[in-house]
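The primary structure of each chain is shown beneath.
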Amino acid sequence: MNGDRQVPGLWSRTTLVARGGDGRFDRGAKWFLAVLTAVAIGVPILNQVVSASSTFHLSAFGVNLIGKYLCYGMLALAVDLIWGYCGILSLGHAAFFSLGGYAMGMYLMRQIGPRGVYGDPILPDFMVFLNYKSLPWFWHGFNHFLFALAMMILVPAVLALVFGWFAFRSRVTGVYFSIITQALTYALMLAFFRNNMGFGGNNGFTDFKGILGFDLHSDRTHVVLLVITAAALAASYMACRAIVESRAGRVVLAIRDAESRTRFLGYPVESFKLWLFVFSGIIAGIAGALYVPQIGIINPSEFAPINSIEAVIWVAVGGRGTLYGAIAGAVLVNYAKTYLTGAFPEVWLYALGALFVLVTVFLPRGIIGLLPGRDQARSKDK
């Protein structure tokens, strides 16, 4: 094949999107990375350098809030990678997010040691309260950060691999796939609510003291965590962008647009779906791991199906199939949630539902679709 322009049909429809149009999409990527860099530089200055009496001082609460938004941005990025580019609508990505968070929470709980309420150097407080005699086998190793870091990646990856292998091998697609992913996260939520599971029951993990020897109650520690989160988000974005712009990314887009035809051309559709789903689960798991030390708690409510549904709404609002649009949607929707739950707590869920309906009807390409040049780029593809 001598260039994509000479290949008619399916490939010509997907190539422009895979390459980001004729350069117009690159502007959005550059703006996103510029804003993320400004946040990573500006937040530490506003919190650590600017005086607390100044109007421009950013409080510790503000730092944690921005950090939470960035973690949600990573979750939205993970959802957009498989939904926007491969057509896989997952309503269970909160499971990967939560498992990464629990892996980090287990490490943080092992760091408390004798500083806990009951002063046990080995058992976390909830285990002492529930009369555990020894540390469960699956808790061993979590006192080492490198082991915990490996689990933050491996546990979501293994779940995505096993679940995806059975689902894609059985050619479960569309709404059926969405339903079973939602059932997966709901089943995990019910399991983690049980006290005998060894994960703190309905209270989960909290009262963390430190991470890698640094005090988690210190503003400096939270600033560093925010910078790390921003770096992780940037790295995840660049990795996703490299995937969708590669030759494999074009196959993924072809699967989204015409799965049966792609399979008839000889491509292993299930394999492409599986590795993309696993990679997406890893990103979600890392997001959850970064979320926990900044928020200070992880409990089974993070598995709730509504959390996965909200992530899909973030992507739809920002712009499906754009990566940076999904991140922007996560930040904007959660900022609106923060404001409305404080000002009008009774109407927040109605506002969220109305927003999703309005975006679906009037802005099918999300807010990114309003940017100049996007429609022109799309029109050249037709």
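Rules used throughout
- Residues numbered from 1 in each chain as written.
- Predicted model: local features only at pLDDT ≥ 70, side-chain atom pairs only at ≥ 80, totals over all residues.
- Heavy atoms only, no water.
- Helix = DSSP H or I, 4+ residues; strand = E, 2+ residues; numbered from the N terminus.
- Buried < 20%, exposed > 50% of the residue type's maximum accessible area, 1.4 Å probe, protein only.
- Contact = heavy atoms within 4.5 Å.
- Axes fitted to C-alpha atoms, helices over the stretch in contact; angles between N-to-C directions.
- Parallel < 35°, antiparallel > 145°, perpendicular 65-115°, else oblique.
- Nonpolar A, V, L, I, M, F, W, Y, C, P; charged D, E, K, R; others polar.
- Phe/Tyr/Trp six-rings, centres within 6.5 Å; stacked < 30°, edge-to-face > 60°.
- Polar contact = N/O pair within 3.5 Å; in protein donor to acceptor, adjacent residues only side chain to side chain.
- Left-handed = near helix turned anticlockwise from the far one by under 90°.

Asks: Honestly, the environment of Val361 in this entry has me stumped. Any pointers?
Replies: By the element assignment, Val361 lies in helix H14 (residues 348-362). Between the alpha carbons of Val361 and Gly119 there is a distance of 57 Å; along the sequence they are 242 residues apart.

Asks: Would you mind going over the side chain of Ser98 with me for this structure?
Replies: Tracing the sequence through the fold places Ser98 in helix H4 (residues 93-112). Its relative accessible area of 0% is what places Ser98 among the buried residues.

Asks: Can you help me understand the environment of Gly92 in this one?
Replies: You can see Gly92 is positioned in the loop between helix H3 (60-86) and H4. Residue class for Gly92 comes out buried when judged on its relative accessible area of 2%. Spatially, the C-alpha atoms of Gly92 and Ile179 are 8.7 Å apart, while their sequence positions differ by 87 residues. Contacts of Gly92, omitting those with residues within four sequence positions, involve Thr181, Gln182, Thr185 and Ser308.

Asks: In this structure, what is going on with the packing of helix H7 (residues 174-192) against helix H12 (residues 305-318)? I would like to understand it.
Replies: Running from amino to carboxyl end, H7 crosses H12 at an angle of 140°, the nearest separation of the two axes being 9 Å. Classified by the angle their axes make, H7 and H12 are oblique. In contact with Gln182, Thr185, Tyr186 and Met189 of H7, H12 contributes Pro305, Ser308 and Ile309. Here the contact of H7 with H12 is composed, by residue class, of 4 nonpolar, 3 polar and no charged.

Asks: So what exactly am I meant to see when it comes to the packing of aromatic side chains here?
Replies: How two aromatic rings sit relative to each other is given by the distance of their centres and the angle of their planes. Throughout the structure, instances matching the rule amount to 26 aromatic pairs. The interplanar angle of 25° and the centroid separation of 4.7 Å between the aromatic rings of Phe192 and Phe199 together place this pair among those described as stacked. Here the two residues Phe192 and Phe199 agree in accessibility, since each one is buried. Aromatic ring contacts, followed pair by pair, group Tyr102, Phe126, Trp137, Phe138, Trp139, Phe192, Phe199, Phe205 and Phe303 into a single cluster.

Asks: What am I meant to see in the environment of Thr338 here?
Replies: Tracing the sequence through the fold places Thr338 in helix H13 (residues 324-343). The spacing of Thr338 and Leu65 is 273 residues in sequence and 9.1 Å in space, taken between C-alpha atoms. Those residues in contact with Thr338, other than ones at most four positions away along the chain, are Leu65 and Tyr69. Separated by 2.9 Å, the side chain of Thr338 and the backbone oxygen of Asn334 make a polar contact.

Asks: Would you mind showing me how to read the packing of helix H6 (residues 145-169) against H7 here?
Replies: Geometrically, a packed helix pair is captured by the angle between its two axes and the distance between the axes. Two numbers describe how H6 lies on H7: the axes approach to 12 Å, and their chain directions differ by 145°. Every pair of crossing elements has a handedness; the one defined by H6 and H7 is right-handed. The segment H6 lies against H7, with Leu159, Phe163, Ala167 and Phe168 engaging Phe177, Ile180, Thr181, Leu184 and Leu188. In the contact of H6 with H7, the residues fall into 8 nonpolar, 1 polar and no charged.

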